[in-house]
Amino acid sequence: MLRRIINSIPNTITSLNLISGAIACIFAFHYSDSFGPLFGYQWAFVFIGLAAVFDFCDGASARLLHAYSDLGKELDSLSDLVSFGLAPSLILFNTINYFNTGSAYEISPWAFIALLIPVMGALRLAKFNIDTRQTTSFIGLPIPACAIFWIGLVGWLHRTEAFNNFAVAAVIILMSLMMVSSLRMFSLKFKNFAFQENFRRYMLILAAILFVITDGVCGLGWTIVFYMLLSLVGRKEA
């Protein structure tokens, strides 16, 4: 009985990831409505961030409790598709509507390009689940990293109002293709804390702190760009 309870802990945490992503989707459709000090899209950011925390904790708890299961792996991917694929795409869908129509409740034809994100995200997750090469590193941009990038970009668009349909569509296509690309990207999981073996991980953490301090939520987008560049030119530790 105790073992069954312990085995259910990681899947429970994964379910919290899914619930957070679903709430983010709801707030994405209250895009311009203010909920206290934050607008709907900003609350969507919060819940995507919360989903990312749960996504990290479910894997960590499974390893710690020796409670890994094939069911948990599939549940994790399904939850990630909602939290990091669908939720950011709906935020972008309504961002494009907002800048084209002045309202999140009118639909611009340009907005439908945002649906490419969950499509490519689903393909990326399906490939990950059957690819035995991605145990210590990633092939293609991980879907949570892609979601974090969109938080930064949407924050930047609102701060600068430098919106252009062609530019945003191009970035959506590029980042969606990055998820299914053959680019090898280092994992953020620490096997130990040795500086030499985790040089790029420490560099990324430092960069993330500096970007967020200097540029606020927009710094999250720059962090993911730096992550991709670091994967291209950095040292080749696992």
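Per chain, the residues get numbers from 1 upward, laid out in the order the sequence is written. Confidence filtering applies because this is a predicted model: local features only for residues at pLDDT of at least 70, side-chain atom pairs given and counted only at 80 or more, and all residues used for totals across whole chains, interfaces and linings. Values reported for side chains reflect all heavy atoms of the structure, with hydrogen atoms and water molecules removed beforehand.

Remarks on the overall build of the protein
Here is step 1 of the chain: The numbering of helices and of strands both runs from the N terminus, where a helix is a DSSP run of H or I of at least 4 residues and a strand a run of E of at least 2. Scanning the protein from N- to C-terminus turns up eight helices and four strands.
Here is step 2 of the chain: Its helices and strands in sequence order give the protein the pattern α-β-β-α-α-α-β-α-α-β-α-α, from N to C terminus.
Here is step 3 of the chain: Throughout, the radius of gyration refers to the C-alpha atoms, and the reference size of a globule is 2.2 Å times the residue count to the power 0.38. In terms of overall size, the protein behaves like a compact globule, its C-alpha atoms giving a radius of gyration of 18 Å where 238 residues would be expected to give roughly 18 Å.
Here is step 4 of the chain: Within the protein, residue pairs in contact and separated by at least 24 positions form 73% of the contacts whose partners lie at least 6 positions apart.
Here is step 5 of the chain: Calculation of accessible area relied on Shrake-Rupley with a 1.4 Å probe; when residues are assessed, cover is drawn exclusively from the protein chains displayed. Working note: accessible area of the protein is about 12200 Å², and carbon and sulfur atoms make up 73% of it.
Here is step 6 of the chain: For the protein, the distance from the average position of its 15 positive side-chain charges to the average position of its 13 negative side-chain charges is 12 Å. Any two residues whose heavy atoms approach within 4.5 Å are treated as being in contact. The convention is simple: Lys and Arg are positive, Asp and Glu are negative, and His and the chain ends are not counted. Taken as the charge centre is NZ of Lys, CZ of Arg, CG of Asp or CD of Glu, depending on the residue.

Quick word on the packing of helix H3 (residues 70-101) against helix H4 (residues 116-130)
Here is step 1 of the chain: Throughout, an axis means a line fitted to C-alpha atoms (over the contacting stretch in the case of helices), and angles, computed between N-to-C directions, take values from 0 to 180 degrees. At their nearest, the axes of H3 and H4 sit 9 Å apart, and the two run at 160° to each other. The orientation of H3 with respect to H4, classified from their angle, is roughly antiparallel. For H3 against H4, the interelement crossing comes out right-handed. Contact residues: H3 offers Lys73, Glu74, Ser77, Asp80, Leu81, Gly85, Leu86, Ser89 and Leu92, while H4 offers Ile117, Pro118, Gly121, Ala122, Leu125 and Asn129.
Here is step 2 of the chain: In terms of residue class, the contact of H3 with H4 is built from seven nonpolar, five polar and three charged. For classification purposes, angles smaller than 35 degrees are called roughly parallel, those larger than 145 roughly antiparallel, those between 65 and 115 roughly perpendicular, and all remaining angles oblique. The hand of a helix crossing depends on one turn: near helix anticlockwise from the far one by less than a right angle means left-handed, and clockwise means right-handed. Amino acid classes used here: Ala, Val, Leu, Ile, Met, Phe, Trp, Tyr, Cys and Pro are nonpolar; Asp, Glu, Lys and Arg are charged; the rest, including Gly, are polar.

A look at helix H2 (residues 40-65)
Residue pairs three or four apart in sequence face the same way in an α-helix, which turns once every 3.6 residues.
Here is step 1 of the chain: In this model, H2 (26 residues) spans 37 Å end to end at C-alpha, consistent with the 38 Å of a helix rising 1.5 Å per residue.
Here is step 2 of the chain: A positive backbone phi angle near 55° is found at histidine 66, which sits one or two residues after H2. Here the expected length of a helix is defined as 1.5 Å per residue gap, with one fewer gap than residues.

Observations concerning the pattern of salt bridges
Here is step 1 of the chain: Think of a salt bridge as a Lys or Arg side-chain nitrogen and an Asp or Glu carboxyl oxygen that are within 4 Å of each other. Following the criterion strictly, the structure yields one salt bridge and no others.
Here is step 2 of the chain: For arginine 159, the salt bridge is made with aspartate 215, and the minimal N-O distance between the two is 2.6 Å. In this pair, arginine 159 is assigned in helix H5 (residues 143-160) and aspartate 215 in helix H7 (residues 199-215), connecting sequence segments 56 residues apart.
Here is step 3 of the chain: Partly exposed residues are those whose accessible area sits between 20% and 50% of the maximum for their type, while under 20% is buried and over 50% is exposed, using a 1.4 Å probe and protein chains only. The class of aspartate 215 is buried, set by a relative accessible area of 18%.

Examining the nonpolar core
The tendency in soluble globular proteins is for nonpolar side chains to be buried side by side.
Here is step 1 of the chain: Within the largest apolar cluster, 51 residues are counted, with the highest numbers of intra-cluster contacts made by Ile48, Ile91, Leu141, Trp150, Ile172, Met175 and Tyr227.
Here is step 2 of the chain: Looking at this core, the elements with two or more residues in it are helix H1 (2-28), H2, H3, H4, H5, helix H6 (165-179), strand S4 (184-186) and helix H8 (219-233).
Here is step 3 of the chain: Element by element, the count of residues in this core is highest for H5, at 10 residues. Nine residue types can take part in a nonpolar core, namely buried Ala, Val, Leu, Ile, Met, Phe, Trp, Tyr and Cys, and a core is a set of them joined through side-chain atoms within 4.5 Å.

Looking at unusual backbone geometry
Here is step 1 of the chain: Its identity as a non-glycine residue notwithstanding, glutamate 161 has a phi of 55°, on the positive side.
Here is step 2 of the chain: If you trace the backbone, glutamate 161 turns up in the loop between H5 and H6.

Description of a nonpolar patch on the surface
Here is step 1 of the chain: A grouping of Ile107, Phe112 and Leu115 is seen on the molecular surface, where their side chains present a nonpolar patch of about 290 Å² in accessible area.
Here is step 2 of the chain: Relative to the assigned elements, phenylalanine 112 resides in the loop between H3 and H4. Within the patch definition used here, like charges are joined within 9 Å and nonpolar side chains (Val, Leu, Ile, Met, Phe, Trp, Tyr) within 5 Å, considering only residues with over 30% relative accessible area and no salt bridge.

A few points about the confidence of the model for the protein
Here is step 1 of the chain: On a scale of 0 to 100, pLDDT captures the predictor's confidence in every residue. Confidence along the protein averages 90 in pLDDT terms, with 93% of residues attaining 70 or more.
Here is step 2 of the chain: Mean pLDDT values for the elements of the protein range from 85 in strand S3 (residues 137-139) up to 97 in H6.

Re the packing of aromatic side chains
Here is step 1 of the chain: Here a pair means two rings of Phe, Tyr or Trp (six-membered ring of Trp) with centres within 6.5 Å. Their orientation is stacked below 30 degrees between planes, edge-to-face above 60, and tilted elsewhere. Tallied over the full model, the rule gives 15 aromatic pairs.
Here is step 2 of the chain: With a centroid separation of 4.9 Å and 25° between ring planes, the pair formed by tyrosine 31 and tyrosine 41 is classed as stacked. Taken together, the positions of tyrosine 31 in the loop between H1 and strand S1 (34-35) and tyrosine 41 in helix H2 put the pair 10 residues apart, joining distant regions of the chain. Of the two residues, tyrosine 31 and tyrosine 41, both sit in the buried class.
Here is step 3 of the chain: Taken together, a centroid distance of 5.0 Å and an interplanar angle of 75° make the contact between phenylalanine 149 and tryptophan 150 edge-to-face. Per residue, the accessibility class of phenylalanine 149 equals that of tryptophan 150, and both read buried.

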